[in-house]
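# An overview of the molecular structure
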Amino acid sequence: MDLFEQLAQTLEERKSADPSASYVASLYAKGLDKILEKVGEESFETVLAAKNVKANGEGKEALIYETADLWFHLLVMLSQLGISPDEVMNELARREGLSGLEEKASRSK
């Protein structure tokens, strides 16, 4: 089992956890809007961290930390919506080897 699968399993288990005892359970209890708010917040923090990475690599640790937060909250969002990480990975696999321009053009058809 890979890390995304393990996280997805843990997130599913948190759906029935006590919101006062689990951060993730508290997000589920607050609903999709709160989860989306966290995704937006973490996205913004990730962008800011990326802008602060220097050419010499200084600041990479902050970007890695913020990216982990973003990915985590995206997994919470997907779990709330009943979408597994495997479904996203399958879509990425489908796109592998496709020209980005071709893939984008195929969406408008």
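Heads up: these notes are all about the structure in this document. (Residues numbered from 1 in each chain as written. Predicted model: local features only at pLDDT ≥ 70, side-chain atom pairs only at ≥ 80, totals over all residues. Heavy atoms only, no water.)

## Quick word on the overall build of the protein chain
- Across its full length, the protein chain holds six helices and zero strands.
- When the helices and strands of the protein chain are placed in sequence order, the string is α-α-α-α-α-α.
- For 109 residues, the compact-globule estimate of 2.2 N^0.38 gives 13 Å, and the C-alpha radius of gyration of the protein chain, at 17 Å, exceeds that figure by more than 25%.
- Burial statistics for the protein chain: of 109 residues in total, 23% are counted as buried.
- The contacts of the protein chain with a sequence gap of at least 6 include a subset with a gap of at least 24, amounting to 54%. (Helix = DSSP H or I, 4+ residues; strand = E, 2+ residues; numbered from the N terminus. Rg over C-alpha atoms; globule rule 2.2 N^0.38 Å. Buried < 20%, exposed > 50% of the residue type's maximum accessible area, 1.4 Å probe, protein only. Contact = heavy atoms within 4.5 Å.)

## Overview of helix α2 (residues 23–30)
- Listing the buried residues of α2 in full gives Val 24, Ala 25, Ser 26, Leu 27 and Tyr 28.
- Buried residues belonging to α2 abut α1 (3–14), α3 (32–51) and α4 (60–80).
- Between the side-chain oxygen of the N-cap and the backbone nitrogen of Val 24 there are 3.4 Å, and the N-cap of α2 in question is Ser 22.
- Directly beyond the C-terminal end of α2, a positive phi value near 95° is found at Gly 31. (Polar contact = N/O pair within 3.5 Å; in protein donor to acceptor, adjacent residues only side chain to side chain.)

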